[in-house]
Amino acid sequence: MKNLFIALFCLVATSAFAQSEDEGIKSAITSYTEGFTKGDTASLGRAFASNALLRNLNTTTGKITDTPLRKFIAGMPAGGAKATGALLNYSHAGTSAVATVEFKFDDFKYIDLLSLIKMNDDWKIVCRVYSRVPLDVNLATGQGAKTGATKSTPTKAAAPVKKAVAKPKADDGW
């Protein structure tokens, strides 16, 4: 009976942890979408890490453009952007997450690919890579080898190579 109680407790605790991670990520994204569509600079400030990167490709010059977070927030129109925002998907593991958000305007939309990190129990957007696309363009997704992709032709295994294994230092950042 004691083992059943412990197993049930662990299941509930794990479920509550996953739910709190999901809710934390959704909360950060909601702060972002509401801040963007309502012009709420405080919400935008809560959604982003202070040193977040905001990047896109300038299609005219072909160069990557970085927008400082302060400039992005200061550039929000009074009353917000005339768009609707929606969280399309997200995934997470440990203290890292990725999310995709779509902002639809009257004649175009932005697709935002966001990287989030959990800092001090709060999820923050640390990078926004975005594209302005026509309304008929939708998010394209793919799958990696670990999520069910199969090989159509067998491959010959490579002979093992002996390499020296370096032990990580305690302070190497990994």
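As the structure is a computational prediction, the values presented were derived from the model and not from experiment.

**Thoughts on the confidence of the model for the protein chain**
Next up, step 1: On average, the protein chain scores 82 in pLDDT, and the residues at 70 or more come to 72%.
Next up, step 2: The model gives residues 7–17 a pLDDT under 50, and that stretch makes zero contacts with residues more than four places away or in other chains.
Next up, step 3: Every residue in residues 149–155 is under pLDDT 50, and counting partners more than four places away or in other chains gives one contact.

**Considering the pattern of salt bridges**
Next up, step 1: On inspection of all chains with the given rule, the structure shows four salt bridges.
Next up, step 2: Across the pair Glu 102 and Lys 109 runs a salt bridge, and its minimum N-O distance is 2.9 Å. In this pair, the class of Glu 102 matches that of Lys 109, namely buried.
Next up, step 3: Note that Arg 128 is salt-bridged to Asp 112, the shortest N-O span being 2.9 Å. Of this pair, Arg 128 sits in strand β6 (residues 122–133) while Asp 112 sits in strand β5 (residues 109–119); the two residues are 16 residues apart in sequence, bridging distant segments of the chain. We note that Arg 128, like Asp 112, is buried.

**Some points on the nonpolar core**
Next up, step 1: If you look at the biggest cluster of nonpolar residues, it comprises 28 residues, and the most contacted ones within it are Tyr 32, Phe 36, Phe 48, Phe 72 and Leu 116.
Next up, step 2: Elements that contribute at least two residues to this core include exactly α1 (2–38), α2 (41–47), β1 (48–58), α3 (69–74), β4 (96–104), β5 and β6.
Next up, step 3: The leading source of residues in this core is α1, at five residues.

**As for the pairing of β5**
Next up, step 1: As paired elements, β4 and β5 share nine bridges and run antiparallel to each other. Paired with Ser 96 across the two strands is Ile 117, which belongs to β5.
Next up, step 2: Once β4 ends, the chain turns through four residues before running back antiparallel as β5.
Next up, step 3: Sheet analysis places β5 next to β6, joined by eleven bridges and oriented antiparallel. When the bridges of β6 are listed, Leu 114 appears paired with Arg 128.

How each quantity is defined
- Residues numbered from 1 in each chain as written.
- Predicted model: local features only at pLDDT ≥ 70, side-chain atom pairs only at ≥ 80, totals over all residues.
- Heavy atoms only, no water.
- pLDDT = per-residue confidence, 0-100.
- Contact = heavy atoms within 4.5 Å.
- Salt bridge = Lys/Arg side-chain N within 4 Å of Asp/Glu carboxyl O.
- Buried < 20%, exposed > 50% of the residue type's maximum accessible area, 1.4 Å probe, protein only.
- Helix = DSSP H or I, 4+ residues; strand = E, 2+ residues; numbered from the N terminus.
- Core = buried A, V, L, I, M, F, W, Y, C linked by side-chain atoms within 4.5 Å.
- Pairing = 2+ DSSP bridges.

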